[in-house]
Amino acid sequence: MKLCFLVEEQYRHDGMPLDVIRQLNAWGHQVDVVWPGRSLIRISEAIQEGSHDAWVLKTVSGGPGLTLLEAAATVGLTTVNDARSIRGVRDKALAAVLARRSGLPVPVTYVAARPEEFAEIPEAEYPLVVKPADGSSGRAVRLVASPDRLLDPGFEDAGGGLLIAQPYVPNSGTDLKVYSVDGDLYATERCSPLHPAHTVRERQVPLTPEVARITAEIGEVFGLDLYGADILLGPDGPVVVDVNDFPSFRQVPDAVARVGEAVLRLARAGARTGSRTGAVAAAGAAAAMGSPAPPAAAAGRAPVGRPRAVPDRTASGAAMGGAR
């Protein structure tokens, strides 16, 4: 197969996806790599129907790579993940609305352009977790104990973009990261970025049926095939606090081979069915018309690879998983 990977500067030395690219090459596939952050791209020639079997994006939120992926999807090329599905999770404000409408357990979410606007939130809802709506990799995530702390030095605004705020979910200081590789689920525990003093050894953990079901539903709601979900085990049960497309898949057993195989499966399935349509494919059009996006079940053709998702299993058949 002939594939194109869009890799931004932040990931130029990362094993994910560079090791996957090397593995695909070793299997005899042609992989072209486009570096949108540091190269001139002849977009008219690079993105044209039939140029590649699939385009794959590994980029930061707000980076230029997503625009190129969307351009590839526009001319009918298969993308992994679906370009419109990626847009649905890259904007954390939009993601919160889509998740809540679909019944996923997510915190109440507020948005504002400046942190001081969150002072209007009743003090009973503090502490708040505040972060950029287009953030990634834990950038600028802050725990705000009370309204007066919104004006602390160094608490910068979103640089013209939105901030989101959610009531803090009481937890043990341990985050659960669950990954989906084309329907196969893996999980790990790790230290919460909000509790750096809490020592947690990153390790594989059993994936409960409830968390597995929620993670599989995330893929259905957002139309994703390769993704990760940050889940907190709060006093009222699991709560989803973030979703990432194409994460690092850290500690997933044989992650490079598994992700490489998934990319090939999705590319082949897309080639058979035509341009992929993710579960939130209609979100952009619906937003432009001023109406809400349809729920996942009504958003058109199911995303490639989704029928393989089995909520209560992992790839190994045991209740163990991998990590971010």
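Residues numbered from 1 in each chain as written. Predicted model: local features only at pLDDT ≥ 70, side-chain atom pairs only at ≥ 80, totals over all residues. Heavy atoms only, no water.

*Asks:* Quick question: what am I supposed to make of the overall build of the protein chain here?
*Replies:* Looking only at helices and strands, one finds eight helices and 13 strands in the protein chain. Buried residues in the protein chain amount to 51% of all 324 residues. Excluding contacts between residues fewer than 6 apart, the proportion of contacts in the protein chain whose partners are at least 24 apart in sequence is 70%. Of the roughly 14200 Å² of accessible surface on the protein chain, 53% is carried by carbon and sulfur atoms. (Helix = DSSP H or I, 4+ residues; strand = E, 2+ residues; numbered from the N terminus. Buried < 20%, exposed > 50% of the residue type's maximum accessible area, 1.4 Å probe, protein only. Contact = heavy atoms within 4.5 Å. Areas by Shrake-Rupley, 256 points an atom, 1.4 Å probe, with all protein chains shown as cover.)

*Asks:* Just checking my understanding: could you explain the sheet that holds strand β2 (residues 30-34) for this structure?
*Replies:* Within a beta sheet, neighbouring strands are joined by backbone hydrogen bonds and run either parallel or antiparallel to one another. Ordered by their spatial adjacency, four strands build an open sheet running β2-β1-β3-β4, and the pairing between neighbours is parallel. In this open sheet, the two edge strands, each paired with only one partner strand, are β2 and β4 (79-80). Across two bridges, strand β3 (residues 54-58) lies against β4 in parallel orientation. Residue pairing across strands places W55 opposite T79, the latter belonging to β4. Packed onto the sheet, helix α3 (residues 65-74) meets β1 (2-7), β3 and β4 and runs at close to 165 degrees relative to β3. (Pairing = 2+ DSSP bridges. Axes fitted to C-alpha atoms, helices over the stretch in contact; angles between N-to-C directions.)

*Asks:* What am I meant to see in the packing of aromatic side chains here?
*Replies:* What describes a pair of aromatic rings is the distance from one ring centre to the other and the angle between the planes of the rings. What the rule picks out here adds up to two aromatic pairs. Relative to F249, the ring of Y179 has its centre 5.5 Å away and its plane inclined at 45 degrees; by these criteria the two rings are tilted. Residue Y179 is found in strand β9 (residues 174-181), and its partner F249 is found in the loop between β13 (237-245) and α7 (255-273); the two are separated by 70 residues along the sequence. Take F249: its relative accessible area is 1%, and that puts it in the buried class. Aromatic side chains F246 and F249 sit 5.9 Å apart centroid to centroid with 70 degrees between the ring planes, which places their arrangement in the edge-to-face category. F249 carries the same exposure label as F246, and that label is buried. Taken together, the ring pairs connect Y179, F246 and F249 into an aromatic cluster. The lysine or arginine in question, K58, covers the ring of Y11, its NZ or CZ lying 4.5 Å from the ring centre. (Phe/Tyr/Trp six-rings, centres within 6.5 Å; stacked < 30°, edge-to-face > 60°. Lys NZ or Arg CZ within 6 Å of the ring centre and 35° of its normal.)

*Asks:* What is the right way to look at unusual backbone geometry in this model?
*Replies:* For residues that are not glycine, phi is negative in most cases, and the peptide bond is trans in most cases. In this model, M16 is joined to P17 through a cis peptide bond whose omega is 25 degrees. Although it is not a glycine, F246 adopts a positive phi angle of roughly 40 degrees. For F246, the position within the fold is in the loop between β13 and α7. Look at F246 and you get buried, because its relative accessible area is 2%. Unusually for a residue other than glycine, Q251 sits at a positive phi of about 70 degrees. On the basis of relative accessible area, Q251 is assigned to the partly exposed category, the value being 34%.

*Asks:* How should I be thinking about helix α5 (residues 92-101) in this particular structure?
*Replies:* For an α-helix the count is 3.6 residues per turn, leaving residues at separations of three or four pointing the same way. Regarding α5, the residues found buried are K92, A93, A95, A96, L98 and A99. Buried residues belonging to α5 abut α4 (83-90), β5 (110-112), β6 (128-132), β8 (163-167), α6 (209-222) and β13. Two to three positions downstream of the cap, the backbone nitrogen of A93 sits 3.0 Å from a side-chain oxygen, assigning the N-cap of α5 to D91. One or two residues past the end of α5 sits G103, with phi positive at roughly 90 degrees. (Polar contact = N/O pair within 3.5 Å; in protein donor to acceptor, adjacent residues only side chain to side chain.)

*Asks:* What am I meant to see in the packing of α3 against α4 here?
*Replies:* Packed helices, taken two at a time, are described by their axes: the angle between them and the distance between them. Across the interface, α3 lies against α4 with an axial gap of 9 Å and an inter-helix angle of 150 degrees. Regarding the angle of α3 to α4, the classification is roughly antiparallel. Residues L66, L69, E70 and A73 of α3 form the contact with α4, whose own contacting residues are A83, I86, R87 and R90. A class-by-class count of the residues in the contact of α3 with α4 yields five nonpolar, no polar and three charged. (Parallel < 35°, antiparallel > 145°, perpendicular 65-115°, else oblique. Nonpolar A, V, L, I, M, F, W, Y, C, P; charged D, E, K, R; others polar.)

*Asks:* What is the right way to read the side chain of S180 from this model?
*Replies:* For S180, the position within the fold is in strand β9. Classification of S180 as buried rests on a relative accessible area of 1%. Within polar-contact distance, the side chain of S180 engages the backbone nitrogen of G183 at 3.3 Å.

*Asks:* Help me understand the pattern of salt bridges, please; the structure alone is not making it clear to me.
*Replies:* Pairs can form between side chains of opposite charge once their charged atoms are near each other. Evaluation of the coordinates by the stated rule reveals 14 salt bridges. Ionic pairing is found between E189 and R203, a salt bridge with its closest N-O pair at 3.1 Å. Placement of E189 in strand β10 (residues 184-191) and of R203 in strand β11 (residues 203-204) is noted, with a sequence separation of 14 residues between them. With a relative accessible area of 33%, R203 lands in the partly exposed category. (Salt bridge = Lys/Arg side-chain N within 4 Å of Asp/Glu carboxyl O.)

*Asks:* Could you clarify how one ought to interpret the sheet that holds β6 in this entry?
*Replies:* Judged by pairing direction, the sheet is antiparallel, and its four strands sit side by side in the order β5-β8-β6-β7 without closing on themselves. Two strands close off the open sheet at either side, each with one partner strand: β5 and β7 (142-144). Each strand axis lies, on average, 30 degrees off the axis of its neighbour in the sheet, ignoring direction. One ladder, built from three bridges, connects β6 with β7; its direction is antiparallel. Bridging across to β7, V130 finds its partner in R142.

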